[in-house]
Amino acid sequence: MFRIYDKINSGEVYIIAEMSANHGGSLDNALKIVNEAADAGADCLKIQTYTADSLTIDCDNEYFKVKGGLWDGYKLYDLYQDAGTPYEWQKRIKEECDKCGIDFLSTPFDNAGVDFLEELGAEAYKIASFELVDIPLIKYAASKGKPMIISTGMGSLEDIQDAIDACHSVGNDKIILLKCCSEYPAPWVDMHLGNIQDMKKRFGLPVGLSDHSEGSLGAVVGVTLGAVVVEKHIMLEGVESADSKFSMPVKDFAKMVGDVRNACLIAQGPNYDLTDGEKASTIFRRSIIAVRDIKAGDEIQEGDLRVIRPGYGIKPKYLGAVIGSKAKCDIPRGTPIKFEHYKD
């Protein structure tokens, strides 16, 4: 059973490790990533289900060449051929996820990819930011009735609403949006994680983060701002791929998982009850203490008392009421003042 809603409904963050091209052309690497992601605390391992032909055509003109960025000069067809995860591996990868006890997820890029994943037993679908505007694909994937995790990078409010409406049009309301900046890597100034709360209010849906920034900071800030899902690209040390330059080594991913879990604990509230540790510390607060011997029946003078540590006496706010009252018993120097010392 795909556990994303179990996690969200229990107030936890669901963490997706994105393999993408980081298998580096090796099934052994792919299976190793599954195991290391599970060991690092991921809830899910995600791959991508496409062929070069499902994404583009083999064409050499200028429109089909990448200009700038990590993949500068690459022909799109060649890039996708190099980066893809072979279909014949994907059943084995899913089996390894099952063996490791983590969810399997993939991003389809055409209807044939959805059909393939249906045969594989996929329990949810991820829609990539670049496919946010592919309404026919979203409708087809959503028609399978499974959770739809939709990245919103480059998406206008209209684009996001169109994708949501596409899911609703086929009777699917199991939608989770991911805030995303589709830059690789994403600079801090372009992250706009303040959108997370706004997206929740606007669309009335759970919102997570697909994080392409460096390190753990984006994920930690995201969950403190309400992200219920974190997706991060992971890689094996020393394995280069089309995506490795903006991916996180597995050992760092494990630290990020810990940071995210701890950030969720830190961000809990509102809750103004004292913790057990704070209750134990109250003895170090200030309270009203006798600093001279006071005899029973004496009028308690200002000089008889001080507001000092420790906190075994009554609170300092009662000082005015104590001064001028009659001592009901002997009060030796160093005694924390209690209500019974001066009033009925």
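Residues numbered from 1 in each chain as written. Predicted model: local features only at pLDDT ≥ 70, side-chain atom pairs only at ≥ 80, totals over all residues. Heavy atoms only, no water.

Enumeration over the complete set of coordinates arrives at 18 salt bridges. Of the charged contacts, one joins Lys232 and Asp211 as a salt bridge, the two residues approaching to 2.9 Å between their closest N and O atoms. Of the two residues, Lys232 sits in strand E8 (residues 229-235) while Asp211 sits in strand E7 (residues 207-211), which places them 21 residues apart along the sequence. On the basis of relative accessible area, Asp211 is assigned to the buried category, the value being 2%. Among the salt bridges present, the one from Lys251 reaches Glu237, with a minimum N-O distance of 3.9 Å. Within this pair, whereas Lys251 is found in helix H11 (residues 250-266), its partner Glu237 is found in the loop between E8 and strand E9 (248-249), the two being separated by 14 residues in sequence. (Salt bridge = Lys/Arg side-chain N within 4 Å of Asp/Glu carboxyl O. Helix = DSSP H or I, 4+ residues; strand = E, 2+ residues; numbered from the N terminus. Buried < 20%, exposed > 50% of the residue type's maximum accessible area, 1.4 Å probe, protein only.)

Our next topic: the layout of surface pockets. Its volume calculated, the largest pocket comes out at about 770 Å³. Along the walls of the largest pocket sit 33 residues, with Gln48, Trp71, Tyr80, Phe130 and Tyr184 positioned nearest its centre. Each residue belonging to the lining of the largest pocket can be placed in one class, and the counts come to 16 nonpolar, 11 polar and 6 charged. The volume enclosed by the second largest pocket comes to roughly 290 Å³. What lines the second largest pocket is a set of 16 residues, and nearest its centre among them are Gly11, Glu12, Val13, Val223 and Cys264. Considering every element that reaches the lining of the second largest pocket, the biggest residue donor is H11, with 4 residues. Of the residues assigned to the lining of the second largest pocket, the class counts are 9 nonpolar, 5 polar and 2 charged. (1 Å grid on protein atoms, 1.4 Å probe; cavity = no way out; pocket = protein on both sides within 12 Å on 5 of 7 lines; lining within 4 Å. Points joined across faces, edges and corners; volume = space filled by probe spheres on them. Nonpolar A, V, L, I, M, F, W, Y, C, P; charged D, E, K, R; others polar.)

Attention now goes to the side chain of Asp243. Secondary-structure assignment places Asp243 in the loop between E8 and E9. No salt bridge is formed by the buried Asp243; its nearest oppositely charged neighbour, Lys46, is found at 9.0 Å. Sequence-distant contacts of Asp243, defined by excluding residues within four places in its chain, comprise Ser20, Ala21, Asn22 and Trp71. (Lys, Arg positive; Asp, Glu negative; His and termini not counted. Contact = heavy atoms within 4.5 Å.)

Each disulfide is one covalent bond, formed between the sulfur atoms of two cysteines. Following the criterion strictly, the structure yields 0 disulfides and no others. In this structure Cys100 is a free cysteine whose sulfur lies 7.0 Å from that of Cys97, the closest cysteine sulfur available. (Disulfide = S-S within 2.5 Å.)

At a minimum axis separation of 11 Å, helix H5 (residues 87-100) and helix H6 (residues 111-120) run at an interaxial angle of 35°. In this structure, H5 crosses over H6, and the sense of that crossing is right-handed. Between H5 and H6, the residues in contact are Tyr87, Gln90, Lys91 and Lys94 and Gly113, Phe116, Leu117 and Leu120, respectively. When its residues are assigned to classes, the contact of H5 with H6 shows 4 nonpolar, 2 polar and 2 charged. (Axes fitted to C-alpha atoms, helices over the stretch in contact; angles between N-to-C directions. Left-handed = near helix turned anticlockwise from the far one by under 90°.)

Our next topic: a nonpolar patch on the surface. A grouping of Trp188, Leu217, Val221 and Leu225 is seen on the molecular surface, where their side chains present a nonpolar patch of about 360 Å² in accessible area. Along the chain, the position of Val221 falls in helix H10 (residues 217-224). (Patch = residues over 30% accessible without salt bridge, like charges linked within 9 Å, V, L, I, M, F, W, Y side chains within 5 Å. Areas by Shrake-Rupley, 256 points an atom, 1.4 Å probe, with all protein chains shown as cover.)

Across all of its chains, the model carries 8 aromatic pairs by this definition. Ring plane angle 50° and centroid distance 6.4 Å describe the contact between Phe339 and Tyr342, whose orientation is recorded as tilted. With a relative accessible area of 33%, Phe339 lands in the partly exposed category. We classify Tyr342 as buried; its relative accessible area is 9%. Taken together through their ring pairs, the aromatic side chains of Tyr50, Tyr80 and Phe109 make up a single cluster. (Phe/Tyr/Trp six-rings, centres within 6.5 Å; stacked < 30°, edge-to-face > 60°.)

Now for the pairing of strand E1 (residues 14-18). Within a regular strand, side chains alternate between the sheet's two faces. For E1, a buried count of 5 out of 5 residues is recorded, marking the element as mostly surrounded by other parts of the structure. Side chains Tyr14, Ile16 and Glu18 project from E1 onto one buried face, and the interleaved Ile15 and Ala17 project onto a second face that is buried too. Pairing of E1 with E8 involves 5 bridges; the strand directions are parallel. From the neighbouring strand, Ile15 faces E8, where its bridge partner is Val230. Here 3 bridges tie E1 to strand E2 (residues 44-49), and the two strands are oriented parallel to one another. Each residue of the ladder has a partner; that of Glu18, found in E2, is Lys46. In this view, the connection linking E1 to its parallel neighbour E2 by way of helix H2 (residues 27-39) has right-handed handedness. (Pairing = 2+ DSSP bridges. Right-handed = clockwise from strand over helix to strand, strands pointing away.)

It is worth spelling out unusual backbone geometry at this point. The bulk of non-glycine residues show a negative phi, and the bulk of peptide bonds are trans. Residue Pro185 is bonded to the preceding Tyr184 through a cis peptide linkage, with omega at -5°. Counting through the fold element by element, Pro185 comes out in the loop between strand E6 (175-180) and helix H9 (195-203). Backbone geometry at Ser20 places phi at a positive 45°, although glycine is not the residue there. Tracing the backbone shows Ser20 in the loop between E1 and H2. On the basis of relative accessibility, which here comes to 1%, the residue Ser20 falls in the buried class. In this model, Met154 sits at a positive phi of 70°, which is unusual for a non-glycine residue. Tracing the chain through its elements places Met154 in the loop between strand E5 (148-151) and helix H8 (157-169). Using a relative accessible area of 52% as the deciding quantity, one classes Met154 as exposed.

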